[in-house]
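Structural overview for review
One-letter residues, chain by chain:
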Number of protein chains: 4
Amino acid sequence: MFKINPSSSQPIYEQVVSQVKESILKGALREGEKLPSVRELAEMTRVNPNTIGKAYKTLEKERIIVTIRGRGTFVNESLDIKTDSTALIQLKKKLKDIIVELHYFGVEKDDAQKIISEIYLELRKEADHASS
Amino acid sequence: MFKINPSSSQPIYEQVVSQVKESILKGALREGEKLPSVRELAEMTRVNPNTIGKAYKTLEKERIIVTIRGRGTFVNESLDIKTDSTALIQLKKKLKDIIVELHYFGVEKDDAQKIISEIYLELRKEADHASS
Amino acid sequence: MFKINPSSSQPIYEQVVSQVKESILKGALREGEKLPSVRELAEMTRVNPNTIGKAYKTLEKERIIVTIRGRGTFVNESLDIKTDSTALIQLKKKLKDIIVELHYFGVEKDDAQKIISEIYLELRKEADHASS
Amino acid sequence: MFKINPSSSQPIYEQVVSQVKESILKGALREGEKLPSVRELAEMTRVNPNTIGKAYKTLEKERIIVTIRGRGTFVNESLDIKTDSTALIQLKKKLKDIIVELHYFGVEKDDAQKIISEIYLELRKEADHASS
DNA sequence: GTGGTCTAGACCACG
DNA sequence: GTGGTCTAGACCACA
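Here we summarise the structure given alongside this text. (Residues numbered from 1 in each chain as written. Chains lettered and ligands numbered in written order. Predicted model: local features only at pLDDT ≥ 70, side-chain atom pairs only at ≥ 80, totals over all residues. Heavy atoms only, no water.)

When helices and strands are tallied, chain A shows 5 helices and 2 strands. For chain A, the succession of helices and strands along the chain, N to C, is α-α-α-β-β-α-α. By its C-alpha atoms, chain A is 50 × 35 × 30 Å across when sized along the principal axes. Of all 132 residues assigned to chain A, the portion counted as buried reaches 41%. A separation threshold of at least 6 residues defines the contact pool for chain A, and within that pool the share at least 24 residues apart is 50%. Element-wise, carbon and sulfur atoms account for 50% of the exposed surface of chain A, whose accessible area totals about 7700 Å². (Helix = DSSP H or I, 4+ residues; strand = E, 2+ residues; numbered from the N terminus. Buried < 20%, exposed > 50% of the residue type's maximum accessible area, 1.4 Å probe, protein only. Contact = heavy atoms within 4.5 Å. Areas by Shrake-Rupley, 256 points an atom, 1.4 Å probe, with all protein chains shown as cover.)

See the structure below:
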């Protein structure tokens, strides 16, 4: 389910955070559903439990998941839309950087839009697959 | 010209790299044009010269700029399109992560496409301004 | 009557302790009045009976309630004023921490006093409501 | 400067967080001033560097301090007022709990107001002492 | 030099 | 059983 690349420059805990978010978006994890325990996921991914714990803590601060004492961690049932404007501005900044990078690969506006569409298609396809 | 945020999570040298690339794309830096020397830019941006040096080295590896001993560093005159497929795949991966993040801000496909368009518009506008 | 938030950072048993104390203060629970049994309250609040048991034990240690074997648990009829000075010092320490926190929300002395007044008003109002 | 009680029930990193906030409020730490490095403070307080690091990270997320790569951590120069309403509600909840606790020590409204005043006086006094 | 990440292993409170 | 905290020690990127 979760694939970790320990030699990536992206920190392991961020990889976990990303993949949990992606799983929720795809529907592989539904609202209210229980996540694997810290220890379980640590064993599954061959990662230190503290690292998984850090990822879960990060997700909890973003209100993506909630932890219930002694029971485990669950996908938040009332996933509200975030409104942290500075975070959104940072995201747009990152997007701009990527677009500039793509330019040096010969990818201009139309191609970029196509790539975006592909990504959404990909996410949607896996979501349909999960729900069927 | 270059605005550096030393408390950003993005490394300073990467900020410099990004802004040089962006300046070229906008036309603020033309092909063949001379860049400020490491020391000059370091002073302008109040950044450690080693950091600027690292940024220039990075740009040189990507063949965006070339340094001519004793003359200085210049924007590469024959900017060819990069074909490093693994780098492109990494970029798409980052793009996917950003799209997933945007989802939690309520930004879905159509809005994302709009944001992309806005970014291109913004880059184009500044480019026109630079050439006039 | 008792509202438990299992995903709060405050332990469930402490939430129960707090709410029992608050109920007594408001008059919803009178001196000598019988409390629900551990099992009853556990079912009402959908909480593990061991957790309710721990809350009751804690309240008993503080002499807020007394348990009479075979009869049940009751609000202590002779609620005397506590004189544990170390406990009081700890409370003041917590109060100081909260005041420091409030400062970062722009809440200074006068506003803090107002908030305190509001809380007493709130408690008093609910007490009047309970006695009518 | 910082006094840590390792046997307190309050986590060490929270003690550090509290004391940094208090120091800023008192003026012992001014805006823009450099904090001790993680390693320095760890040695001063006889605490593991990771624990100090966690405290600093927490403070950074709250925008109380900023870290500048390779240079250290500094008190944020533009300390804006926080507006996280849910956090403020939680603070008021804690305040209510403390007021209920105080009741069992015979501390009612007027005494509580006095205690608050004393705390502000105490903070102010130390602040004046620091600035003189 | 700085902070950031990760691991291994331990202890604890809670339920 | 769950997650939370802490330590010790290591490695790394950045400036």
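Once you've had a look at it, read on.
Take the interface of chain A and chain B next. Listed as interface residues are 42 residues of chain A and, on the opposing side, 44 residues of chain B. Buried surface at the junction of chain A and chain B, both sides included, amounts to about 4500 Å², of which 70% is carbon and sulfur. Considering only the surface of chain A that becomes buried against chain B, Tyr104, Phe105 and Tyr120 of chain A emerge as the three largest contributors, covering 19% of it. Remark: the boundary between chain A and chain B carries 6 salt bridges. The element that contributes the greatest number of residues to the side of chain A that touches chain B is helix α4 (residues 85–103) of chain A, accounting for 15 residues. (Buried area = accessible area lost by both parts, 1.4 Å probe. Salt bridge = Lys/Arg side-chain N within 4 Å of Asp/Glu carboxyl O.)

Considering all chains together, one arrives at 32 salt bridges over all chains under this definition. Through salt bridges with shared partners, one network takes in Glu22, Lys26, Glu122 and Glu126 of chain A together with Lys96 of chain B.

Take helix α3 (residues 49–61) of chain B next. All names here are of chain B. Taking 1.5 Å per residue as the helical rise, α3 with its 13 residues ought to reach 18 Å, and the 18 Å between its terminal C-alpha atoms agrees with that figure. Looking at the buried side of α3, the elements it contacts are α1 (12–26), α2 (38–45), β1 (65–68) and β2 (72–75). You can read the cap of α3 off the contacts: a side-chain oxygen lies 2.8 Å from the backbone nitrogen of Asn50, and it is on Asn48. Phi turns positive one or two residues past the end of α3, at Arg63, with a value near 60 degrees. (Expected span 1.5 Å × (residues − 1). Polar contact = N/O pair within 3.5 Å; in protein donor to acceptor, adjacent residues only side chain to side chain.)

Let us look at the protein's contact with DNA strand F. Taken together, 23 residues are adjacent to DNA strand F, and Ile12 of chain B together with Ile12, Asn48, Asn50 and Thr51 of chain D come closest. In the interface set of DNA strand F, defined as its atoms within 4 Å of the protein, sugar plus phosphate atoms amount to 66%. Within the backbone of Val38 of chain A, a nitrogen or oxygen atom sits 2.9 Å from a phosphate oxygen of DNA strand F. Take Arg39 of chain A: an N or O atom from its side chain is 3.0 Å from a base nitrogen of DNA strand F. (Near = heavy atom within 4 Å.)

Turning our eyes to something else, we now look at the interface of chain C and chain A. Taken together, the contacts link 6 residues of chain C with 4 residues of chain A. Interface area, chain C with chain A, both sides summed: about 370 Å², of which 58% is carbon and sulfur. Of all residues in chain C, Pro6, Ser7 and Pro11 of chain C bury the most surface against chain A, accounting for 74% of the area lost on that side. Our count for the contact surface shared by chain C and chain A stands at 0 salt bridges. Across the chain C-chain A interface, the total number found is 1 residue pair in polar contact (both at pLDDT 80 or more).

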